[in-house]
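Remarks on the overall topology
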Amino acid sequence: MEYSPILHNLYVVPSSHVRNKLFVICVMLSLWVYMIYCCVGYCSTVPNLAYANRREGDADADNNRGSSAGASRDLLNDLDSRGDEWEDIRGETKALDDNAMSGFFNETESKKLPQAIIIGVKKGGTRALLEFLRLHPDVRAVGAEPHFFDRNYDKGLEWYRDLMPKSSEGQLTMEKTPSYYVTREVPARIYCMSKDTKLIVVVRDPVTRAISDYTQTRSKKPDIPSFESLTFKNMSAGLIDTTWSAVQIGMYAKHLERWLQFFPAEQLLFVSGERLITDPAGEMARVQDFLGLRRVITEKYFHFNPAKGFPCLKRPEGNSKPHCLGKTKGRTHPNIDPEVVQRLRDFYKPFNRKFYKMTGYDFGWDSEE
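Worth saying up front: this structure is predicted, and the values here are computed from it rather than measured.

1. Let's talk about the pairing of strand β9 (residues 268-272)
Of all 5 residues in β9, 5 are buried, a share of seventy percent or more. Neither face of β9 is left uncovered, since the one carrying L268, F270 and S272 and the one carrying L269 and V271 both have all their residues buried. Pairing of strand β6 (residues 198-203) with β9 involves 5 bridges; the strand directions are parallel. From the neighbouring strand, L199 faces β9, where its bridge partner is L268.

Okay, structure coming up:
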């Protein structure tokens, strides 16, 4: 057979140079596939606020109903229970801020232990405060109550950290669990996590709070004893039963003493639940200053509705209709003997005065008689 250059080229073994090129191309293709896979995986892990809000409505249902003294509706309770209605506003607000979107695909985002915690109190307006704060582009907060320091402490800090949403540099991570304030072991446990943790307590007239607490319990257990019989150890002697949690929670000064054993007073902020309704922008200014945040949540976010008697949230831009909270009526109060209410007010007076002195803030509850 004669020698043929064409046939020789067909059967020639590729040179080492060609093999090296093929190897490099294969490596580059593999890297591109891996990068695409990582991007898709990362997007799937970005916290879904709408889903978190749906979960928080279920997880916190037992903290989100009640009634207030002196009114047919519990306005703070309505605020506590309407977190889902603010999802659209929160999403739009964050979209307006460049900082919120700049970290969306930032690989430096990570889950951090909270630098600030709303530690109480139940039926004080903690849900309202949390939702107001979640409108802030520099705040990332878990919606459901973790109950780490009172119920799940044995699961460890890594378990707790994993519950937190991802945040980027400069964003503040927060959570809220109202039962922390009255649980004896919690101050020391938070201190062990970080002695620099900022603590917020939302407080409310203790008599109003107790009635709201009772109303919630009665809605689940209609056959429970009357408010009057639970309030007193001995009705005829007029001895208040301080072991009943609805009464005990309102003894704010007693609980504060434990916190001050671990944290300086300047590390705690006490927010008025009543003023969170009558002057939400003013209270939010105090909160944002305390947390070292820009004053983003201002009066432009609130619209007072005279018919409802409390503020509605509105979008800071545009002319859309404000979102009024509490579209359904709050729970109706039971008829409570006015003498029992007055005895409770008298019981709380010394605790209130001590609390005013300890916090340097007069909440004006004793004038409501």
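2. Some points on the packing of aromatic side chains
Under the definition given, this model contains 26 aromatic pairs. Site record: aromatic cluster; members linked through ring pairs are Y252, F270, F355, Y356, Y361, F363 and W365. A cation sits over an aromatic face here: K198 above F290, 5.6 Å from the ring centre. Above the ring of Y361, the side-chain terminus of R286 is found at 4.6 Å from the ring centroid.

3. Observations concerning the pairing of strand β2 (residues 116-120)
Side-chain positions along a regular strand alternate between the two faces of the sheet. With 5 of 5 residues buried, β2 lies mostly within the body of the structure. Two elements, β2 and strand β5 (residues 172-176), share 3 bridges in a ladder whose sense is parallel. Across the sheet, A116 pairs through a bridge with M174, a residue of β5. Two elements, β2 and β6, share 4 bridges in a ladder whose sense is parallel. Its bridge partner being in β6, G120 is matched across the sheet by V201.

4. With respect to the nonpolar core
Of all hydrophobic cores here, the largest spans 30 residues; its most connected members are I117, I119, F149, Y181, I190, W259 and F355. When residues of this core are traced back to their parent elements, those giving at least two are β2, α8 (148-151), α10 (186-193), β6, α14 (252-259), β9 and α17 (338-359). No other element matches the 4 residues that α14 contributes to this core. For I117, the residues in contact, after removing those within four places along its chain, are F149, Y160, E175, Y180, I190, M193, T197, K198, L199 and I200. In terms of nonpolar packing, the next biggest core, distinct from the first, is built from 28 residues, A128, I200, V296 and L313 among them.

5. Brief notes about the pattern of salt bridges
What the rule picks out here adds up to 14 salt bridges. A salt bridge links K354 to E257; the nearest nitrogen and oxygen atoms lie 2.3 Å apart. Of the two residues, K354 sits in helix α17 while E257 sits in helix α14, which places them 97 residues apart along the sequence. Across the salt bridge formed by R343 and E339, the nearest N and O atoms sit 3.1 Å from each other. Of this pair, R343 and E339 are both found in helix α17, 4 residues apart, which corresponds to roughly one turn of the helix. When salt bridges with common partners are traced through the structure, they connect K122, R209 and D213 into a single cluster.

Parameters at a glance
Residues numbered from 1 in each chain as written. Predicted model: local features only at pLDDT ≥ 70, side-chain atom pairs only at ≥ 80, totals over all residues. Heavy atoms only, no water. Buried < 20%, exposed > 50% of the residue type's maximum accessible area, 1.4 Å probe, protein only. Helix = DSSP H or I, 4+ residues; strand = E, 2+ residues; numbered from the N terminus. Pairing = 2+ DSSP bridges. Phe/Tyr/Trp six-rings, centres within 6.5 Å; stacked < 30°, edge-to-face > 60°. Lys NZ or Arg CZ within 6 Å of the ring centre and 35° of its normal. Core = buried A, V, L, I, M, F, W, Y, C linked by side-chain atoms within 4.5 Å. Contact = heavy atoms within 4.5 Å. Salt bridge = Lys/Arg side-chain N within 4 Å of Asp/Glu carboxyl O.

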